[in-house]
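Analysis of the macromolecular model
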Amino acid sequence: KAGVTQTPRYLIKTRGQQVTLSCSPISGHRSVSWYQQTPGQGLQFLFEYFSETQRNKGNFPGRFSGRQFSNSRSEMNVSTLELGDSALYLCASSLGAQELYGYTFGSGTRLTVV
Amino acid sequence: AQSVTQLGSHVSVSEGALVLLRCNYSSSVPPYLFWYVQYPNQGLQLLLKYTSAATLVKGINGFEAEFKKSETSFHLTKPSAHMSDAAEYFCAVSDNTNAGKSTFGDGTTLTVKP
């Protein structure tokens with residue numbers, strides 16, 4: 001079966017712009033989590049959605065937002081981009097409670113802000 | 001609050017030698033523990049998970065880990081390293097009070113010498 005699909009794979013944006021990243025989870029997975037990965041901070045939790053509801057949120061500014069659609073696909077949006085937002089953004093889906101099943105990760109979207 | 005400490009950001013072994021990657025966790029509630037592997041330019045792949053059943057957990061590619069509550073450890077081992085094991089490895093902790101979130105360690109880069 002198809003894995004977690006993230007689009008686009010690479011993105012270059014200018015400071016001040018906004019960006020939308022997309023994630024299609026594995027069919028049947030209703031939980032989608034997003035992480036930011038950088039060399040300095042490692043993997044940082046952004047937020048988690050389940051059945052179109054945000055159930056949890058990490059310590060990121062309000063410029064970072066997300067949503068989930070009825071088909072479980074998820075998007076995250078970053079407004080007013082800053083240089084420090086350059087990172088690999090990873091989406092992960094889980095069949096149910098991720099603490100029991102673990103995550104299946106996508107390959108990520110590498111965002112470069114110039 | 002949860003945290004994970006991975007001892008040694010870089011580990012180097014010879015092909016055929018024992019692999020031992022160390023992980024210690026801190027959690028105020030019963031933890032769920034995971035090891036993930038990340039190859040360059042890819043997302044993370046679940047190697048194995050501990051979810052309060054057997055304390056010795058076997059995963060994919062010949063890896064296993066043992067949960068030791070008294071030592072708050074969950075070290076990853078493999079009896080004989082293969083060149084294809086060269087990658088970055090992440091230990092992660094979750095619990096059932098934090099929906100959809102895992103806390104990851106900083107990662108250990110494994111190098112396998114021929």
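Per chain, the residues get numbers from 1 upward, laid out in the order the sequence is written. Starting at A for chains and at 1 for ligands, labels are handed out in the order in which the entities are written. The predicted origin of the model limits local features to residues at a pLDDT of at least 70 and limits the giving and counting of side-chain atom pairs to 80 or more, whereas totals for whole chains, interfaces and linings rest on all residues. As a convention, hydrogens and water are excluded, and side-chain values are obtained from all of the structure's heavy atoms.

It is worth spelling out the sheet that holds strand β3 (residues 19-24) of chain A at this point. Residue and element names in this part refer to chain A. What makes two strands pair is DSSP finding at least two bridges between them. For helices the rule is a DSSP run of H or I covering at least 4 residues; for strands it is a run of E covering at least 2, with both sets numbered from the N terminus onward. Pairing within the open sheet is antiparallel, and its 4 strands lie in the order β1-β3-β8-β7. With partners counted over all chains shown, the strands left at the sheet margins are β1 (5-7) and β7 (64-68), one partner each. Going across the sheet, the axis of each strand differs from the next one's by a mean of 15°, ignoring polarity. Fitted lines through C-alpha atoms give the axes, limited to the stretch in contact for helices. The angle between two N-to-C directions lies from 0 to 180 degrees.

Moving on, we get to the pattern of salt bridges. One side chain can pair with another of opposite charge once the charged atoms of both are near each other. Residues and elements named next belong to chain A. Any Lys or Arg side-chain nitrogen found within 4 Å of a carboxyl oxygen on Asp or Glu counts as a salt bridge. Within this structure, the stated rule accounts for 7 salt bridges over all chains. In this structure, Arg55 engages Glu48 in a salt bridge whose closest nitrogen and oxygen atoms are separated by 2.8 Å. The rule is simple: take the accessible area with a 1.4 Å probe, protein chains only, and divide by the maximum for that residue type; under 20% is buried, over 50% is exposed, in between is partly exposed. Residue class for Glu48 comes out buried when judged on its relative accessible area of 0%. The salt bridge partner of Glu82 is Arg63, with a shortest N-O separation of 3.6 Å. Of this pair, Glu82 sits in the loop between β8 (74-78) and β9 (87-94) while Arg63 is found in the loop between β6 (53-57) and β7, placing the two residues 19 residues apart along the sequence. Assessed through its relative accessible area of 43%, Glu82 is described here as partly exposed. Note on Arg63: relative accessible area 16%, which makes it buried. Each member of the salt-bridge network shares a partner with another, and the members are Arg63, Glu82 and Asp85.

Bringing the side chain of A:Gln68 into the picture now. Residues and elements named next belong to chain A. Locating Gln68 in the fold gives a position in strand β7. In this structure Gln68 comes out as buried when scored by relative accessible area, which is 6%. Within the local environment of Gln68, its side chain forms a polar contact with the backbone nitrogen of Phe50, the two atoms lying 3.4 Å apart. Side-chain polar atoms of Gln68 contact the backbone oxygen of Ser72, separated by 3.2 Å. Here, residues are in contact when the closest pair of their heavy atoms is within 4.5 Å. Among residues more than four places away in sequence, those in contact with Gln68 are Arg30, Val32, Tyr49, Phe50, Ser51, Glu52, Thr53, Arg73 and Ser74. The definition of a polar contact used here is a pair of N or O atoms within 3.5 Å, where within protein one atom must be able to donate a hydrogen and the other to accept one, and adjacent residues in sequence count solely through side-chain atom pairs.

Our next topic: the environment of B:Thr5. Residues and elements named next belong to chain B. Residue placement: Thr5 occurs in strand β1 (residues 3-7). With a relative accessible area of 40%, Thr5 lands in the partly exposed category. Linking Thr5 and Ser102, residues 97 residues apart in sequence, is a C-alpha distance of 14 Å.

With that out of the way, let us pick up the interface of chain B and chain A. Across the contact, 21 residues belong to chain B and 20 residues belong to chain A. Across the chain B-chain A interface, the total number found is 0 salt bridges. Our count for the chain B to chain A interface comes out at 12 residue pairs in polar contact (both at pLDDT 80 or more). At the level of secondary structure, the elements contributing two or more residues to the side of chain B that touches chain A comprise β4 (32-38), β5 (44-50) and β9 (87-94) of chain B. Here the side of chain B that touches chain A gets 4 residues from one element, more than from any other, and that element is β4(B). Its residues assigned to classes, the side of chain B that touches chain A shows 8 nonpolar, 10 polar and 3 charged. Here the nonpolar group is Ala, Val, Leu, Ile, Met, Phe, Trp, Tyr, Cys and Pro; Asp, Glu, Lys and Arg are the charged ones; every other residue, Gly included, is treated as polar.

Turning next to the packing of aromatic side chains. Aromatic rings from Phe, Tyr and Trp, with only the six-membered ring used for Trp, were paired whenever their centres fell within 6.5 Å, and each pair was classed as stacked if the ring planes differed by under 30 degrees, edge-to-face if by over 60, and tilted otherwise. Summed over all chains, the structure comprises 15 aromatic pairs over all chains. Ring centres of A:Phe105 and B:Tyr36 lie 5.6 Å apart, and the angle between their planes is 90°; on these two criteria the pair is classed as edge-to-face. Linking A:Phe105 in strand β10 (residues 104-105) with B:Tyr36 in strand β4, this pair reaches from one chain into another. Residues A:Phe105 and B:Tyr36 agree in their burial class; the two are buried. Among the aromatic residues, those joined into a cluster by ring pairs are A:Tyr35, A:Phe45, A:Tyr103, A:Phe105, B:Phe34, B:Tyr36 and B:Phe104.

Time to look at the nonpolar core. Buried Ala, Val, Leu, Ile, Met, Phe, Trp, Tyr and Cys residues that are joined via side-chain atoms within 4.5 Å together make up what is termed a nonpolar core. With 26 residues, the main nonpolar core has B:Trp35, B:Leu48, B:Leu76 and B:Tyr89 as its most contacted residues. At the level of elements, β2 (10-14), β3 (19-26), β4, β5, β7 (64-68), β8 (73-78), β9 and β11 (108-113) of chain B are the ones that each hand at least two residues to this core. Apart from residues no more than four positions distant in its own chain, B:Tyr89 is found in contact with B:Gln6, B:Leu21, B:Trp35, B:Tyr36, B:Val37, B:Leu47, B:Phe63, B:Leu76, B:Gly107, B:Thr108 and B:Leu110. Listed in part, the 21 residues of the second largest apolar core include A:Ile26, A:Val32, A:Leu81 and A:Cys91.

By themselves, these are just geometric observations and shouldn't be taken as functional.
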